[in-house]
Amino acid sequence: MEEVSNHSEAGWLAGGVQFHIPGNGGPGCVQFLSAGQRMAETVVFSLGSIFLLIWSYRALSPVQNMDAHVLDRTGKKSLLGLFGMVFGIEIGFKLATKQLIWLLNPCHMLSFIQLFLLVSPQTKVSTYLFRLHVYWLTGPLLALLFPVTNSLELPGEWSIYWVQHLMLLVIPLYLTRLGGQFNLDPLSDLAWPGLAFSLYSLYHWMVLQPIGLLTQTNLNNMICPAISDPFHGPHYRVVAMAHQTIMVPLVGKLYSVLAHWVLDTLNLNIIPGSSCKDD
């Protein structure tokens, strides 16, 4: 019989994860795939991601930063305060339910990155993170299209889920408006989406999967498929890698086009003549 909750010794990290909720984890989730299949998929996709990482990093074009515009500092601070409050409430939910381990999921890691970008200095590190994280917006987009909310039980938890994921998609638009270190890569550049996808993939195979197996927690559905997964089945991870190979670069490039179109159409560009074009 599957356990109702995680081991008590897991404490604040994963002691409150409810295994009886489909898709959360537990022995049945771990046994969904055989050890041999897990190993084969891990080796193949990890090696492929490493090769892609090496190629894309070597092919990156030099990053050139302009000074960020001094206007809209009030807006930046307000957005930082609002998103910090929303994400702080989400962390509070995880603490209250002893499920901090879910903060390792990509959308929560993306939240940490965006909070850093909202306070980051003018450095190339900020530009690298900004460009890469735009491609990782496929995470919150899929979370909105195929929401998994069956484990959200506390008052307000459902609302915070939607607000957080919506803000993850809005904040990059505001940062693009500011310019400076927040500049997007050229549309014809394939190195940036390649680097973003390789890092995204390796994080799942080399970080989320082993931690998920160790704690029997279904981190970003690396242990067993989500209840909302339209490709539920023994090869769901292979299918996921196939569609994410397309989705990650596609979402990033389309977001770049859409962001500049919105800013140009609504005349919101701080820097005159800013547009989405190849460098």
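Cut-offs applied
- Within any chain, residue numbers begin from 1 and follow the written order of that chain's sequence.
- Totals for whole chains, interfaces and linings use all residues, but because this is a predicted model, local features are given only for residues with pLDDT of at least 70 and pairs of side-chain atoms are given and counted only at 80 or more.
- Heavy atoms from the whole structure form the basis of all side-chain values; hydrogens and water molecules are not counted.
- The definition used for a disulfide is geometric: two cysteine sulfur atoms within 2.5 Å.
- Helix and strand assignments come from DSSP, with helices taken as H or I runs of at least 4 residues and strands as E runs of at least 2, each series counted from the N terminus.
- Each residue's exposure class comes from its accessible area (1.4 Å probe, protein chains only) as a fraction of the maximum for that residue type: buried when under 20%, exposed when over 50%, partly exposed otherwise.
- Buried Ala, Val, Leu, Ile, Met, Phe, Trp, Tyr and Cys residues that are joined via side-chain atoms within 4.5 Å together make up what is termed a nonpolar core.
- Here a residue-residue contact requires only that any non-hydrogen atoms of the pair lie within 4.5 Å.

Where two cysteines share a covalent bond between their sulfur atoms, that bond is called a disulfide. One pass over the full model with this rule turns up one disulfide. Put simply, Cys 29 and Cys 224 are joined by a disulfide, and their sulfur atoms are 2.0 Å apart. Sign of the S-S torsion, about -100 degrees for the bond between Cys 29 and Cys 224, identifies this disulfide as left-handed. Of this pair, Cys 29 sits in helix α2 (residues 27-30) while Cys 224 sits in the loop between α9 (191-215) and α10 (236-265), and the two are 195 residues apart along the sequence. For the pair shown, Cys 29 and Cys 224 are each scored as buried.

A few words on the nonpolar core. Core analysis: the largest hydrophobic core is formed by 50 residues, its most contacted members being Phe 130, Trp 136 and Leu 175. Sorting the residues of this core by element identifies α4 (73-96), α5 (106-119), α6 (124-135), α8 (157-178), α9 and α10 as the ones contributing at least two each. Per element, the largest residue contribution to this core is eight residues, and it comes from α9. Filtering out sequence-adjacent residues up to four positions away, Phe 130 remains in contact with Leu 117, Pro 172, Leu 175, Thr 176, Phe 182, Asn 183 and Leu 184.

These results come straight from atomic positions and should not be treated as a statement about function.
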